[in-house]
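# Observations on the model geometry
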Amino acid sequence: MQQRSRHQQQLEELCVAMLRAATGLAQWHFEGGRLYDGQRPVPAYAPHLRINPGVDALPAYRALADSLALRLRFSDPVLHQGLVPADPIERWIFEWLEQLRVESLAPEDLPGVRDNLEQRYRAWSAEFLGSGSTETSLGILMFALSQIVWSRLTSLELPRPVQDLLEPTRAALAPALGSALAGIRRCRHDQAQFAIHAMDIARDIAQRVQSEYEDEPSSSTVRPGAFGLWLDFEQEESESAAVVQTGESAVFEASRRHYRIFTKRYDEERYAPDLVREALLHEYRQRLDRRIAQQGINVQRLSSSLRAILAQPQRDGWRFGQEEGVIDGRRLAQLVSSPAERRVFRQDQYLPVADTTLGFLIDCSGSMKPYAELLAVMMDVLMRALEQAGVATEILGFTTSAWNGGRARQDWVSQGRPAAPGRLNELRRLVFKEAQTPWRRARYPLAALLKTDLFREGIDGEAVEWACQRLLGRNETRRILVVISDGCPMDSATNQANDAFYLDNHLKAVIGGYGRQGIDIIGVGVGLDMSPYYSRSVVVDLSERLENQVFEEFLELLKGRHRR
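Residues numbered from 1 in each chain as written. Predicted model: local features only at pLDDT ≥ 70, side-chain atom pairs only at ≥ 80, totals over all residues. Heavy atoms only, no water.

### As for the overall build of the protein chain
Counting its secondary structure elements, the protein chain contains 20 helices and 13 strands. Here the protein chain holds 564 residues, and 52% of them are scored as buried. Long-range pairs, those at least 24 residues apart, make up 77% of the contacts in the protein chain with a sequence separation of at least 6. Of the accessible surface of the protein chain, which amounts to about 26700 Å², a share of 48% is contributed by carbon and sulfur atoms. (Helix = DSSP H or I, 4+ residues; strand = E, 2+ residues; numbered from the N terminus. Buried < 20%, exposed > 50% of the residue type's maximum accessible area, 1.4 Å probe, protein only. Contact = heavy atoms within 4.5 Å. Areas by Shrake-Rupley, 256 points an atom, 1.4 Å probe, with all protein chains shown as cover.)

This is the structure:
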C-alpha cells in the first residue's frame, strides 16, 4: 500500500510538472487525485478526464495535462462563462462539448499530444462499455452523444462494434440534432459560433434526460463507480463539504492593508487550566480518559507514521566492521593477519531525527463547542504520538474574553464611535501545552479544553500571528502550524464597525506573510472547507465520533498530499 501511494504521488508530480511546463503557471497541484489551480479545484470538464487515483496509469495523467493545457489555450474563460447555461444538466453537457472541442484543436505539429488524447478517450470508452453502463437508456444516450461528437470533431473513426451499438441511438438523434452536429464541426475554431450549436445539443439532450428521470428516477445515476456520468447533481453537491465564504474588505484595502487594533488594553494570554477549578479539571480529565479508552486508537502505530513523515536522516557517527566504505585504520593489523578478511571498512551512520516543532492552534469560538470533547481526544492522542516520534508539540487556543466587543467596544462608543476602528474586542489567548512540556505534565491542562463556557468569538488572524511568533522562537529547523477551525473569523463588534470581511482579509495576509518566513501553515476544517485561507487543508467530520480516517487525513496533510 505504501509503495502504491508513492507511485501515485509520482504520477501526480509528473502531471503537475507537465502542466507547469505547458502553461507557465506554478500554482498547479494535486490533492487526492484531483487537480487544483492554486486554491481553486479544477473542474472535471468531461468524464473521460476524471482520474481514478491508484488505478489510472501515467498515460491518463499525461492526457489530463495535455487536455487542460489546450483548454487554457483555446477556450476564453470569460466568454465561456457568459455562454454557459444555467440549467445544471445543460451546463454539464455544454462543458463536455467545449472540452471535446479544444481537444480536437491539438496542433498537428504536436503528434504526441494528439496521440495522448486519442488513447485516453478510447481507453475511457472501452472501460465505460466494460462497466455495463450502456445497458441503461440514459447511459447509452450519453455515451452515444459523446462518441458522435468526438468522432465529428476529430474526424477519427469509431470502432465497428461501437458503431453497431450506437446505430439505433444515432438514428433517433439525427432528425433533431443533425444540423447542430454539422455546425460544431464547421465552427470548432470559433468558440462563440460553436457555442450556439452546442447549446442546441445541450438543450435537446437535457430534455431527453429529464424525461428519462421523470419516468424512472433511479436511472439518473448511471451505475455508480469509476465510470458514472455524475448526472445526479443534487447528490454530488450534498456530499461535498461547504466552502467557507470569503470576499474583499473595502476598509482593509482603504487602509492599504494595514490592520488596525482599537485597543490592546484588555487583551490577555492565560494558561488554560488557571481558568478551571481544580476539582472540575480532574473531572474533565477522567471524562476524557474514558472517551479515549472507547476510541481504541493505536498510538504506537500513529507515532511510527508521524516519525516516517517528519523525521530526516542525520549523521550519527560511524558503523564499523563493514565490507565496503572507508578504510578503518584500527583494523589494518587485522587485514595483515587475515588477508581474506573484508570487514575492515567503516561507513557513515544515519539516524532519523525529527527536528520539527508542530503547533496546534484551536478555534475556541462558540460554534466549536459541540466538538470540544472530540477535539480534546484528538489533541491528546496526537501529542502522545508526536512526543514518541520526537516532535516538540504546542497546543494553543484563541477566543475573546467577552461577547460583542466587551470593554473595548465600550471605550470606542465613549470616544464617539470613530470610523473604521479595526479590531474591537478583548482577545484571550489560551495555552494548553507549551512545546517543552512533556505529555504527562500536559494531560490535565489539556482537559481545560472541555470548559466550553470559555468559547466566545474568534479573531483568527491575530491568533495565527501569535502562534507563528512562538514557533519562530524555537530552535527546530522545521516549523508547522495546524489551525483547527469550523469557519471564518467572526467578531460581531469588529464586523459591524468595519465590514464583513475585515478580519477575513487580515487572516489571509497573516498566512501569506508567515508562509514566506518558512512556517508551514495548514488548515483542518471541522465540517467546512478552509481552502480559501489555507493552501494546504483538509475537512474532517467530528459530528459523532473520532474515526481513524481523521488521523489518516491528518497524516496525508503532513505529507503534503492535500491542497498546496
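### Side note on the sheet that holds strand E12 (residues 519–526)
In any sheet, the strands associate via hydrogen bonds between backbone groups, in a parallel or an antiparallel arrangement. Read across the open sheet, the seven strands follow the order E4-E10-E9-E8-E11-E12-E13; overall the sheet is mixed. Because the sheet does not close on itself, it has two edges, and the strands there are strand E4 (268–271) and strand E13 (537–540). Averaged over neighbouring strand pairs, the angle between their axes works out to 20 degrees when direction is ignored. Here strand E8 (residues 356–363) pairs with strand E11 (residues 478–485) via seven bridges, running parallel. In the sheet register, Thr357 faces E11, and the bridge partner there is Arg479. (Pairing = 2+ DSSP bridges. Axes fitted to C-alpha atoms, helices over the stretch in contact; angles between N-to-C directions.)

### Regarding the environment of Asp453
Within the secondary structure, Asp453 is located in the loop between helix H16 (439–447) and helix H17 (460–472). For Asp453, a relative accessible area of 45% puts it in the partly exposed group. Between the alpha carbons of Asp453 and Lys369 there is a distance of 8.4 Å; along the sequence they are 84 residues apart. Within polar-contact distance, the side chain of Asp453 engages the side chain of Lys451 at 3.1 Å. (Polar contact = N/O pair within 3.5 Å; in protein donor to acceptor, adjacent residues only side chain to side chain.)

### Points about the packing of aromatic side chains
The relative placement of two aromatic rings is captured by the distance of their centres and the angle of their planes. Summed over the entire model, instances satisfying the criterion amount to 11 aromatic pairs. With a centroid separation of 6.3 Å and 40 degrees between ring planes, the pair formed by Trp124 and Phe143 is classed as tilted. Of the two residues, Trp124 is situated in helix H5 (residues 111–130) and Phe143 in helix H6 (residues 137–154); the sequence distance between them amounts to 19 residues. With respect to burial, Trp124 and Phe143 carry one shared label: buried. Lying across the ring of Phe194, Arg101 places its NZ or CZ 5.7 Å from the centre. (Phe/Tyr/Trp six-rings, centres within 6.5 Å; stacked < 30°, edge-to-face > 60°. Lys NZ or Arg CZ within 6 Å of the ring centre and 35° of its normal.)

### Topic: the side chain of Glu95
Mapped onto the elements of the fold, Glu95 is located in helix H4 (residues 88–104). Of the residues examined, Glu95 reaches a relative accessible area of 18% and is grouped as buried. Residues within four places of Glu95 in sequence aside, it is in contact with Tyr45, Arg71, His80 and Val84.

### Describing the packing of helix H14 (residues 372–388) against H16
Following both chains from N to C, one finds H14 and H16 inclined at 170 degrees, their axes separated by 11 Å at the closest point. With respect to their mutual orientation, H14 and H16 come out roughly antiparallel. For the pair H14 and H16, contact is made by Ala376, Met379, Asp380, Met383, Arg384 and Glu387 and by Trp439, Ala442, Arg443 and Leu446, respectively. Among the residues making up the contact of H14 with H16, the classes are represented as six nonpolar, no polar and four charged. (Parallel < 35°, antiparallel > 145°, perpendicular 65-115°, else oblique. Nonpolar A, V, L, I, M, F, W, Y, C, P; charged D, E, K, R; others polar.)

### A short note on the nonpolar core
Core analysis: the largest hydrophobic core is formed by 64 residues, its most contacted members being Leu358, Phe360 and Ile484. The element that contributes the greatest number of residues to this core is H14, accounting for 12 residues. Not counting residues within four places of it along the chain, the set of residues in contact with Ile484 comprises Phe360, Leu361, Ile362, Asp363, Met368, Leu375, Met379, Val524 and Val526. Membership of the second largest hydrophobic core comes to 45 residues, among which are Val84, Leu153, Leu181 and Ile201. (Core = buried A, V, L, I, M, F, W, Y, C linked by side-chain atoms within 4.5 Å.)

### Observations regarding the pattern of salt bridges
Throughout the structure, instances matching the rule amount to 26 salt bridges. For Arg443, the salt bridge identified is with Asp289, shortest N-O distance 3.0 Å. Of this pair, Arg443 sits in helix H16 while Asp289 sits in helix H11 (residues 278–295), and the two are 154 residues apart along the sequence. (Salt bridge = Lys/Arg side-chain N within 4 Å of Asp/Glu carboxyl O.)

### Some thoughts on the environment of Arg440
Looking at the secondary structure, you find Arg440 in helix H16. With a relative accessible area of 64%, Arg440 lands in the exposed category. Through-space distance from the C-alpha of Arg440 to that of Arg384 is 8.6 Å; in sequence the pair is 56 residues apart.

### Points about the confidence of the model for the protein chain
Scored by pLDDT, the protein chain comes out at a mean of 83, with 83% of its residues at no less than 70. Predicted confidence is poor over residues 1–5, with pLDDT under 50, and the contacts of this stretch with residues over four places away or in other chains come to three contacts. (pLDDT = per-residue confidence, 0-100.)

### Comments concerning the environment of Ala497
Tracing the sequence through the fold places Ala497 in helix H18 (residues 492–497). Ala497 gets classed as buried once you look at its relative accessible area, which sits at 15%. Separated by 74 residues in sequence, Ala497 and Arg423 place their C-alpha atoms 8.7 Å apart. Beyond its immediate stretch of four places on either side in the chain, Ala497 contacts Trp412, Ala420, Pro421 and Leu424.

### Here's the deal with a nonpolar patch on the surface
Together, Trp318, Phe320 and Val326 make up a nonpolar patch on the protein surface, roughly 250 Å² of accessible area in all. Tracing the sequence through the fold places Trp318 in strand E5 (residues 312–322). (Patch = residues over 30% accessible without salt bridge, like charges linked within 9 Å, V, L, I, M, F, W, Y side chains within 5 Å.)

### Some points on the packing of H4 against H6
A pair of packed helices can be characterised by two numbers: the angle between their axes and the separation between those axes. Where H4 contacts H6, the axes come no closer than 9 Å and their chain directions differ by 30 degrees. The pairing of H4 with H6 is recorded here as roughly parallel in orientation. Considering how the two elements wind past one another, H4 and H6 form a crossing that is right-handed. Taken together, the residues of H6 that come into contact with H4 (itself represented by Trp92, Ile93, Trp96, Leu97, Leu100, Arg101 and Ser104) are Met142, Leu145, Ser146, Val149, Trp150, Leu153 and Thr154. (Left-handed = near helix turned anticlockwise from the far one by under 90°.)

### Digging into the pairing of strand E9 (residues 392–400)
Here E9 lies mainly inside the structure; nine of its nine residues are buried. The alternating pattern of E9 places Ala392, Glu394, Leu396, Phe398 and Thr400 and Thr393, Ile395, Gly397 and Thr399 on opposite faces, both of which are buried. Alignment of E8 against E9, held across seven bridges, turns out to be parallel. Paired with Thr357 across the strands is Ala392, a residue of E9. At this point the chain moves from E8, through H14, to the parallel E9, and the crossover so formed is right-handed. (Right-handed = clockwise from strand over helix to strand, strands pointing away.)

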